[in-house]
Amino acid sequence: MTTTTPTRLGEGIDRVDARVKTGGRAEYATDAAYPGLVHAVLVQSKIAAGRITALDAAAAEAAPGVLAVISHQNVPVLHEAPDRSSSLPPPPLRDDRIRYHGQTVAVVVADTFEQATEAARLVRVTYAADPPVADLDHPDAEHDHDPFGTDGGTGDVDKALEAAPVRVEHTYRTAANTNNPMGPFATVACWEGDHLTVHDCTQGPSRTRADLAATLGVPPEAVRVLAPYLGGGFGAGLRTWGHTVLAAVAARQVGRPVKLVLTRKQMFTSVGHRPDTKQTVRIGATRDGRITAIDHRAWQSLSMTDVNYEPVSHTSQSSYASPNITTRDVQVRLNVPAPGSMRAPGDAQGNYALECALDELAYELGMDPLELRRRNYADEHPVTGQQWSCNDLRACYETGAEMFGWARRDPEPRSTRRGRTLIGYGMAGTSFFFYQADCAARVTVRADGAAVVESSGMDLGTGTYTVMTQLGAELLGLPVERVRMVMGDSALPAAPSAGGSGLTAAMGTAIHTASRHLLQSFLDLVREDASPLRGVTLDGVRAEGGRIVRTDDGRGETYTAILARHGRDALSAEGSAESPGQDGAVVPTGPYAAKFAEVHVDQDLGVIRVARLVTAAHCGRILNEKTARSQLVGGTVGGIGMALLEETVTEPHTGRIANPTLGDYLVAVNADIPRLDVRFVGRPDPTNPNGTKGCGELGIPGTAAAIANAVFHATGVRVRRLPIRIEDVL
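This report concerns the structure included in the present document.

What counts and what doesn't
- Residues numbered from 1 in each chain as written.
- Predicted model: local features only at pLDDT ≥ 70, side-chain atom pairs only at ≥ 80, totals over all residues.
- Heavy atoms only, no water.
- Helix = DSSP H or I, 4+ residues; strand = E, 2+ residues; numbered from the N terminus.
- Buried < 20%, exposed > 50% of the residue type's maximum accessible area, 1.4 Å probe, protein only.
- Contact = heavy atoms within 4.5 Å.
- Areas by Shrake-Rupley, 256 points an atom, 1.4 Å probe, with all protein chains shown as cover.
- Pairing = 2+ DSSP bridges.
- Axes fitted to C-alpha atoms, helices over the stretch in contact; angles between N-to-C directions.
- 1 Å grid on protein atoms, 1.4 Å probe; cavity = no way out; pocket = protein on both sides within 12 Å on 5 of 7 lines; lining within 4 Å.
- Points joined across faces, edges and corners; volume = space filled by probe spheres on them.
- Nonpolar A, V, L, I, M, F, W, Y, C, P; charged D, E, K, R; others polar.
- Patch = residues over 30% accessible without salt bridge, like charges linked within 9 Å, V, L, I, M, F, W, Y side chains within 5 Å.
- Salt bridge = Lys/Arg side-chain N within 4 Å of Asp/Glu carboxyl O.
- Expected span 1.5 Å × (residues − 1).
- Phe/Tyr/Trp six-rings, centres within 6.5 Å; stacked < 30°, edge-to-face > 60°.
- Lys NZ or Arg CZ within 6 Å of the ring centre and 35° of its normal.

1. Overview of the overall build of the protein chain
Then step 1. What the protein chain contains, in helices and strands, is 16 helices and 31 strands.
Then step 2. The buried share of the protein chain, taken over its 730 residues, is 60%.
Then step 3. In the protein chain, the proportion of contacts linking residues at least 24 apart, taken out of those at least 6 apart, comes to 81%.
Then step 4. Summed over all atoms, the accessible surface of the protein chain reaches about 27,300 Å², with 49% contributed by carbon and sulfur.

2. Considering the sheet that holds strand 23 (residues 541–544)
The strands that make up a sheet are held in pairs by hydrogen bonds between backbone atoms, and each pair lies either parallel or antiparallel.
Then step 1. Spatially, 3 strands are ordered 23-24-25 in an open sheet, and the strand pairing comes out antiparallel. The two strands at the open ends of the sheet, each matched to only one other strand, are strand 23 and strand 25 (556–558). Put simply, the sheet's adjacent strands are angled 20 degrees from each other on average, direction ignored.
Then step 2. When strand 23 meets strand 24 (residues 547–550), the two strands line up antiparallel, connected through 4 bridges. Its bridge partner being in strand 24, valine 541 is matched across the sheet by arginine 550.

3. Some words on the layout of surface pockets
Then step 1. Each pocket or cavity is described by its volume, and for the second largest pocket that value is around 690 Å³.
Then step 2. Along the wall of the second largest pocket there are 26 residues; nearest its centre are Leu42, Val43, Gln44, Lys46 and Gln266.
Then step 3. At the level of secondary structure, the elements contributing two or more residues to the lining of the second largest pocket comprise strand 1 (38–44), helix 3 (113–120), strand 6 (124–129) and helix 7 (264–270).
Then step 4. Per-element tally for the lining of the second largest pocket: the top contributor is strand 1, with 5 residues.
Then step 5. Of the residues belonging to the lining of the second largest pocket, the class tally is 13 nonpolar, 8 polar and 5 charged.

4. Examining a nonpolar patch on the surface
Then step 1. A contiguous nonpolar patch, built from Leu605, Val607, Ile726 and Leu730 and spanning about 350 Å² of accessible area, is present on the exposed surface.
Then step 2. Checked against the element boundaries, valine 607 lands in the loop between strand 28 (592–602) and strand 29 (608–618).
Then step 3. Assessed through its relative accessible area of 32%, valine 607 is described here as partly exposed.

5. Re helix 15 (residues 703–715)
Then step 1. With 13 residues, helix 15 should cover 18 Å at 1.5 Å per step; its first-to-last C-alpha distance of 18 Å lies within 8% of that length.
Then step 2. Within helix 15, 13 of the 13 residues are buried, which leaves it mostly tucked inside the rest of the structure.
Then step 3. Positive phi shows up at glycine 716, right after helix 15, with a value of about 80 degrees.

6. Some remarks on the packing of aromatic side chains
Then step 1. Taken as a whole and judged by the stated rule, the model has 12 aromatic pairs.
Then step 2. Relative to tyrosine 309, the ring of phenylalanine 148 lies with its centre 5.3 Å away and its plane at 75 degrees, an arrangement referred to as edge-to-face. Of this pair, phenylalanine 148 sits in the loop between strand 7 (142–145) and strand 8 (152–154) while tyrosine 309 sits in the loop between strand 15 (291–302) and strand 16 (325–333), and the two are 161 residues apart along the sequence.
Then step 3. Overall, phenylalanine 148 belongs to the buried group, its relative accessible area being 14%.
Then step 4. Residue tyrosine 309 is classed as exposed on the basis of its relative accessible area of 53%.
Then step 5. Taken together, the aromatic side chains of Phe404, Trp406, Tyr425 and Phe596 make up a single cluster linked through ring pairs.
Then step 6. Sitting over the face of the ring of phenylalanine 404, arginine 612 holds its NZ or CZ atom 4.1 Å from the ring centroid.
Then step 7. The ring of phenylalanine 712 carries the charged tip of arginine 718 above its face, separated from the ring centre by 3.9 Å.

7. A few points about empty space enclosed by the protein
Then step 1. According to the stated counting rule, one finds 3 cavities of 30 Å³ or more in the structure shown.
Then step 2. Space inside the largest cavity adds up to approximately 450 Å³.
Then step 3. Breaking the lining of the largest cavity down by element, the ones donating at least two residues are helix 6 (242–254) and helix 7.
Then step 4. The dominant element in the lining of the largest cavity, judged by the number of residues it contributes, is helix 6, at 4 residues.
Then step 5. Of the residues assigned to the lining of the largest cavity, the class counts are 16 nonpolar, 10 polar and 5 charged.
Then step 6. The volume enclosed by the second largest cavity comes to roughly 70 Å³.
Then step 7. If you go around the second largest cavity, you meet 14 residues; those closest to its centre are Phe434, Ser501, Gly590, Lys693 and Gly694.

This is the structure we're talking about:
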């Protein structure tokens, strides 16, 4: 089959859901309303380690409007996740043990939010506290080695480092960061008999349905999860957290629909965060800049009983050509809230350490940092020897350098100034891993000639509604205005969660397949007709202008004519996509980018400002230039925050998060953001029929390293921890 020439695909059209959102008509979880709706409020622990010795709920239960107080003393049986890799954390309220400060110890349900809030204050909890283990370097912390099964490499790193004429070895640290979407997470749960409907801030309705069914012990078909819109997520919605489970439990216990909304402070303890890391990087090289060895070891924090898939050092297995590579990851169990995915998990921290070490090696060699990266471009996967499916990182280097004016840079640190302002230029290369999970979609053409595309996957704000509408329009040969995308409902064909920069490839491939099946269904329908399409195969037609057209002579019919002749109101077809294998001669590859930063540092005050940031990115075929650019810009803003502002501070002696408000936890705002230039380069990726690569995560990795390297160039001070503070450069 030949589809129409894409007239709207790739074009940066406005979001199809823009008017719905700006008009206040988008339904978020907190907007869900039911007759008799009541409210739940969490009670959280005031210690980080120990045991509950007494929990007195009498005063709360006697308070006005209170319907229930649920704690470990009376919670029904909740089932454990079937395996450690599940998105389902350990059940809440499972026993009297306290594992972190802010752990939920009870939930209060009352007629109004105010009554539930007041009653929550009346729950009296007595603890037997233990000293917390809350620091990555704590001597009593338990270590999990190779927790992801990703440790590995090639060659003999120690021998190669010993023989290397030039070596660098340094330790880098990154702070814990907290997802702070604009919309605090919320759940509304309603039971009708044995059937549960949940409105939730999830990035995966299908995943949350499976998790709720598993933990509540009910069939998956008895649960429906709705998440058509989300007020941001950054990965926080990839797991089914305890408050979602408790809302469902509370609704069943009181026999009424329950709404549970987290406070901003509770967002710091209840929906994951990016774990802090300590990383040691050793690199050996020849004097002409050929890397002969890379050794990358990473330690990251983990909660006491949960899991978190976040390989940090793994990025160093595939970033640069080297005959000797070793990567090792260790998770350190602490009395801290459960970490979870935060945009570019693992790669954001690992790329920072590797790219800063590359910059240090360049100065050790007296070589341009860009030239060092050019010389060590990996033509194939350095460890496995597989060919890349599509890697245009070289084009990113060249385009980004030209856009930035890198060749005009004086390489000497502290060489460029304007009055009291020290000016620095830094760069970094980056990539993000390939990810695509199984996905299904359904495509329908109605009797009026309009189409509906459906899948349970959701749009957390990245533009999925828009790009999938454009894709459906192209594949069916319809104007964008005649296609409607429906998502965010677990009752629709199953889709993976929106995460890992993998949904566009997965859902796009499923829609591609479904569209082909639908066109085949139309051809089957006219098989016995006098239609000009009679007897034509799928490879002999294309879709354009609301018609199916023969490619040999241009004759065809409209969808509406075929459906009317056969008395059909609509025709539908489903399609699916499977994750491509990773074990062939060609390895599917994710996106790439080169980033260039200019920073200004006040030499007296130490204030650091990013003055300019250029990104040249290879993301395969771009379905919508506007939304894709927005992804890169948004991620880059997060990278600036990671480099200079964001840090979740945990008190080592109490385990309490000291800055759980947006007044104390600093994020980048308009005044912190300079001009951000983004340009897309490179070819479509042949891994999927639409040629796409993910681009949602790519904004963050590389940004922090480029800024840190620019700070060194400006000041001559090498700061090996994030965020970089004023006092670090004074």
